[in-house]
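Spelled out, the chains give:
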Amino acid sequence: MPELPEVETTRLGISPYIEHQRVVQMVLRQRNLRWPISANLESGLIGQIIRKVSRRGKYLLLTTDVGTLIIHLGMSGSLRVLSDSIATTPPGKHDHVDILFDNAQLLRFTDPRRFGCMLWQTDPITEHPLLCDLGPEPLELSFDAEYLHGRSRGRSAPVKAFIMDSQVVVGVGNIYANEALFKAGIAPRRAAGRIAISRYATLVSCIQEVLSNAIAVGGTTLRDFTNSNGEPGYFKQSLQVYGRGGMPCVQCQHMLTEVRLGQRTTVYCSYCQK
DNA sequence: ATTCTACCCTGCAAGC
DNA sequence: TGCTTGCAGGGTAGAA
């Protein structure tokens, strides 16, 4: 669920309800996420006002005057705002954290696989080890062909692994890596260091196009965000290769190839992608 | 320095 | 029906 567009959709969905609101109560039912939730989270966060909800890559940042709550949704995490109180909305099995605000809104963190994390950081956020080495945002101007081409020189890793490396660029997950490479006509196994700058220009546009289209579509769920079940559905129909291994290519009708590349399912068209 | 592998955890679908 | 196996949108640590 949480690729960059989903995280951005989550940010847009929760911020109207929790920005400028004060945290009055927290319930932590499961502290063992990707990393344990630190013991000082409650004492640090309760009583603080959320000044801003922002995003860096796939990390959500809830900024207060004294520290920042860093949230990552991992592979199965989600955040929902409930208008009911904790008492009237009984937690499910994987509802690990509740944050209650003084406007009576409840932010609930759910994560069946517990690959997500929730970290309390009082030092400047740019110094956090998880954030300090991140590459540029894919939708910002610093992410361009010159940059990608420069970073890729001398690298023999497959271009798909290269663009999924968060130190190179953030937010490109498995689905969008597959889709962007298809759109750009680049074979996922091609060595990153052996791709010309003109092809990187195409790839940059394709990554941006795929991500912004998905954000735009994700935005339609915002209307019912508080009631949302988190069903994806909408951009599923616009996927051209992901989940379509063995099916015909939408461009040339040849059968799409499915392989494992770096432990992740990779689908591509061997005729359209070189 | 870069690249590859194993692993964190649970749920689900497919195959036997 | 029930069990086993493999796979899932994330990322890190440590080995090669």
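Keep in mind it's a predicted model, so treat the numbers as computed, not measured.

A. Examining the protein's contact with DNA strand C more closely. Near DNA strand C, the surroundings consist of 17 residues, among which Lys58, Phe115, Gly173, Asn174 and Thr265 are the closest. Taken together, the residues of the surface near DNA strand C break down into 7 nonpolar, 6 polar and 4 charged.

B. Region of interest: the protein's contact with DNA strand B. All residues in the neighbourhood of DNA strand B are listed as Lys93, Pro112, Arg113, Arg114, Phe115, Arg155, Ser156, Ala157, Ala161, Gly262 and Gln263. Across the surface near DNA strand B, the residue classes break down as 4 nonpolar, 3 polar and 4 charged.

C. Summary view of the sheet that holds strand β5 (residues 78–82). Ordered in space as β1-β6-β7-β5, the 4 strands form an open sheet in which the pairing is antiparallel. Pairing within the sheet leaves two strands with one partner each, and these edge strands are β1 (23–28) and β5. Neighbour to neighbour, the strand axes of the sheet diverge by 15° on average, direction disregarded. Bridge analysis of β5 against strand β7 (residues 106–110) gives 5 bridges, and the strand direction is antiparallel. Along β7, the bridge assignment pairs Arg80 with Arg108.

D. How the structure looks around the nonpolar core. Of all hydrophobic cores here, the largest spans 61 residues; its most connected members are Met118, Ile163, Ala180, Leu181, Leu203 and Ile207. Sequence-distant contacts of Met118, defined by excluding residues within four places in its chain, comprise Leu33, Ile37, Leu69, Ile71, Val97 and Phe109.

E. Summary view of the environment of Lys183. Its location among the elements puts Lys183 in helix α5 (residues 174–184). Residue classification places Lys183 among the buried residues on the basis of 20 C-beta atoms within 10 Å. Sequence separation between Lys183 and Glu209 is 26 residues; the distance between their C-alpha atoms is 9.5 Å. Non-local contacts of Lys183, meaning those with residues more than four positions away in its chain, are made with Cys206, Glu209 and Val210.

F. Up close: the packing of helix α3 (residues 145–152) against helix α6 (residues 197–218). Direction vectors running N to C along α3 and α6 enclose 120°, while the axes themselves pass 8 Å from each other. Judged on the interaxial angle alone, α6 and α3 are oblique. The chirality of how α3 crosses α6 is right-handed. Along its contact with α3, which presents Ala145, Leu148 and His149, the element α6 presents Ile197, Tyr200, Ala201, Leu203 and Val204. Here the residues of the contact of α3 with α6 sort into 7 nonpolar, 1 polar and no charged.

Rules behind the numbers
- Residues numbered from 1 in each chain as written.
- Chains lettered and ligands numbered in written order.
- Predicted model: local features only at pLDDT ≥ 70, side-chain atom pairs only at ≥ 80, totals over all residues.
- Near = placed C-beta within 6 Å.
- Nonpolar A, V, L, I, M, F, W, Y, C, P; charged D, E, K, R; others polar.
- Pairing = 2+ DSSP bridges.
- Helix = DSSP H or I, 4+ residues; strand = E, 2+ residues; numbered from the N terminus.
- Axes fitted to C-alpha atoms, helices over the stretch in contact; angles between N-to-C directions.
- Core = buried A, V, L, I, M, F, W, Y, C linked by C-beta atoms within 7 Å.
- Buried ≥ 20, exposed ≤ 12 C-beta atoms within 10 Å, placed from the backbone.
- Contact = placed C-beta atoms within 7 Å.
- Parallel < 35°, antiparallel > 145°, perpendicular 65-115°, else oblique.
- Left-handed = near helix turned anticlockwise from the far one by under 90°.

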